[in-house]
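Geometric and topological summary
Here are the chains, one letter per residue:
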Amino acid sequence: MAGLSAAHRSALAALLARCGDPVLRAVGGAIARLPGERAIELRAMLSGEMRDRRRRGLVFAPLAPMFRSRADGVAAMTFPAEVLPRLWRIASEREPHLLPRLDDEDEDSDAVAVANRICQAAASVVRDRPELVWPAGVEPDTRESGLADLAACLDLAHVARRAMPSIEVWLKRPDGDQLAELRLLVKDAAAIHADGARRLIEMLFAHLEDAVLVLRIVTRTSGVAEREGFLSASELADFVDRLLDGVALRAGRLAAYTPRLDAEELRSVLRDLDWCANVLAELDVTLTLDPGSPWGKAVRDARLKLADWLSGLMRAADRAVDKALPLTRVQIVGRMSRMAPLLTAPGRGDEADVALALLRLVGAARGASATFGCESDRRALEEALQARLTDYADQVLLMVNDREAPDEDHALRLVAVAARYLEEIGARAAARTVRRRAAVAGGSGSQDGPSSQAA
């Protein structure tokens with residue numbers, strides 16, 4: 001059987017280059033046992049592509065996360081994704097005889113030295129042949145500054161490579177020797193470039209999924225870096241500004257939020273709230289802020305704005321429950337009356353969904369409310385809602401058992417709504433009790449009856 005033609009190989013090579021690593025692994029598994037000369041060639045091409053990616057990953061490990069935007073949206077130094085394969089192809093062609101050494105996983109191998117050498121070659125390529133690495137049509141507005149940043153980061157790749165294994169240590173409780181290692185690396189980076197310290201932190205920042213953790217590294221680069229006066233005047237001040245900008249952006253999104261029962265939107269709101277709480281809490285721990293400074297004012301304003309939003313959310317949740325499960329005044333004897341559940345309330349629809357969404361947010365805001373000083377109000381609201389919803393369910397079930405409900409099935413659906421609300425605010429035991437009582441309420445105690453289904 002004839003093998004692959006030159007056109008086939010060219011097309012397949014272009015296709016494999018566009019596939020992500022999971023897709024390549026899936027393709028490898030699919031063709032593992034296919035017979036024929038073409039399958040053999042395809043397996044060889046696939047093996048070569050995966051080996052090339054492993055080599056590229058090792059060489060450019062210090063910079064790899066910088067070729068994609070941060071998932072949290074915080075401003076960071078990044079480069080276009082299409083630049084990475086171009087850079088690797090040109091740089092690796094300059095040192096083809098060294099590439100096999102990158103495959104040696106022995107601890108005593110010189111793979112790291114080879115990787116650093118190729119990074120230096122890549123820096124030269126960026127400066128000498130920029131049009132091959134970064135075409136003029138790719139992000140033209142940032143091309144010139146991006147090329148300068150990329151070349152400088154490649155110059156510092158060997159320093160960042162030494163730093164990468166210690167990132168986790170520096171984020172926890174480093175001892176004196178570990179702090180000395182960080183400060184020495186920062187000093188080495190500054191000796192290579194005037195702004196080498198900032199660029200090195202940029203490269204480490206790209207490896208942090210949680211952006212706020214960069215504060216722990218920044219404040220440990222010097223014995224006085226935790227002082228606001230020193231840090232705000234240094235080249236590392238921009239990292240604090242970015243985090244505060246992120247808080248302001250999320251606070252604005254939260255202020256514009258309109259409650260509705262959308263699972264993804266609720267998760268987004270909670271992520272924003274928790275992110276802001278984490279950043280403000282970390283700033284309190286890592287920096288000594290002057291209340292009158294720009295940073296101190298920004299932190300105070302953000303805390304007050306988010307606390308007001310959270311307090312408003314709790315008030316809205318309280319009102320929403322009243323609208324979803326309303327009470328009405330009923331006459332007892334003579335002029336005496338009392339408030340009782342309105343059994344004609346719909347139990348579903350926009351008002352019920354809004355109440356459910358708000359209660360879900362209130363229940364999930366436990367950690368953030370402590371940061372913003374609203375935890376006592378949130379607990380008080382939960383206790384009041386638990387008492388109110390339990391009493392509501394008791395009254396409806398009593399009316400069902402006394403045959404006072406015009407529509408038992410609908411009344412039990414209202415009880416199920418109350419139980420769901422109890423569950424959302426964390427009162428799971430009370431919710432289970434309500435559901436058990438609803439299951440045997442009224443005239444249909446059978447599990448197949450409508451009362452059981454509603455509960």
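Below is a short write-up of the structure.

**Brief notes about the pattern of salt bridges**
Taken as a whole, this structure holds 32 salt bridges when the rule is applied. One salt bridge in this structure joins D149 and R199, with 2.6 Å as the shortest N-O distance. Pair noted here: D149 is in helix α7 (residues 143-155) and R199 is in helix α11 (residues 196-206), with a separation of 50 residues, a long-range link. The exposure class assigned to D149 is buried, which follows from its relative accessible area of 18%. By relative accessible area, which is 9% here, R199 ends up buried. E408 is paired through a salt bridge with R403; the nearest N and O atoms lie 3.9 Å apart. It is possible to trace a salt-bridge network through shared partners that takes in D149, D195, R198, R199, E202, D238 and R242.

**Some points on α7**
Turn by turn, an α-helix covers 3.6 residues, leaving residues three or four places apart pointing in a common direction. Between its terminal C-alpha atoms α7 stretches 18 Å, which fits the 18 Å expected from 13 residues at 1.5 Å a residue. For α7, the complete set of buried residues consists of R143, G146, L147, D149, L150, A151, A152, C153, L154 and D155. Looking at the buried residues of α7, the elements they touch are α4 (83-94), α5 (111-128), α6 (130-133), α8 (157-163), α10 (176-192) and α11.

**Focus: the packing of aromatic side chains**
Summed over the entire model, instances satisfying the criterion amount to three aromatic pairs. Seen in terms of ring centroids, F60 and W88 are 6.1 Å apart; in terms of plane orientation they differ by 85°. Their pairing is edge-to-face. Here W88 lies in helix α4 and F60 lies in the loop between α3 (37-59) and α4, a separation of 28 residues in the sequence. W88 shares its class with F60; the two are buried. Geometrically, the ring pair formed by F205 and F239 is edge-to-face, given 5.7 Å between the ring centres and 85° between the ring planes. Taken together, the residues span a long stretch of sequence, with F205 in helix α11 and F239 in helix α14 (residues 237-255) at a distance of 34 residues. Against the face of F239 rests R242, its NZ or CZ located 4.7 Å from the ring centre. Cation over ring: R250 sits above W275, and NZ or CZ is 3.8 Å from the ring centre.

Each value, and the rule that gives it
Residues numbered from 1 in each chain as written. Predicted model: local features only at pLDDT ≥ 70, side-chain atom pairs only at ≥ 80, totals over all residues. Heavy atoms only, no water. Salt bridge = Lys/Arg side-chain N within 4 Å of Asp/Glu carboxyl O. Helix = DSSP H or I, 4+ residues; strand = E, 2+ residues; numbered from the N terminus. Buried < 20%, exposed > 50% of the residue type's maximum accessible area, 1.4 Å probe, protein only. Expected span 1.5 Å × (residues − 1). Contact = heavy atoms within 4.5 Å. Phe/Tyr/Trp six-rings, centres within 6.5 Å; stacked < 30°, edge-to-face > 60°. Lys NZ or Arg CZ within 6 Å of the ring centre and 35° of its normal.

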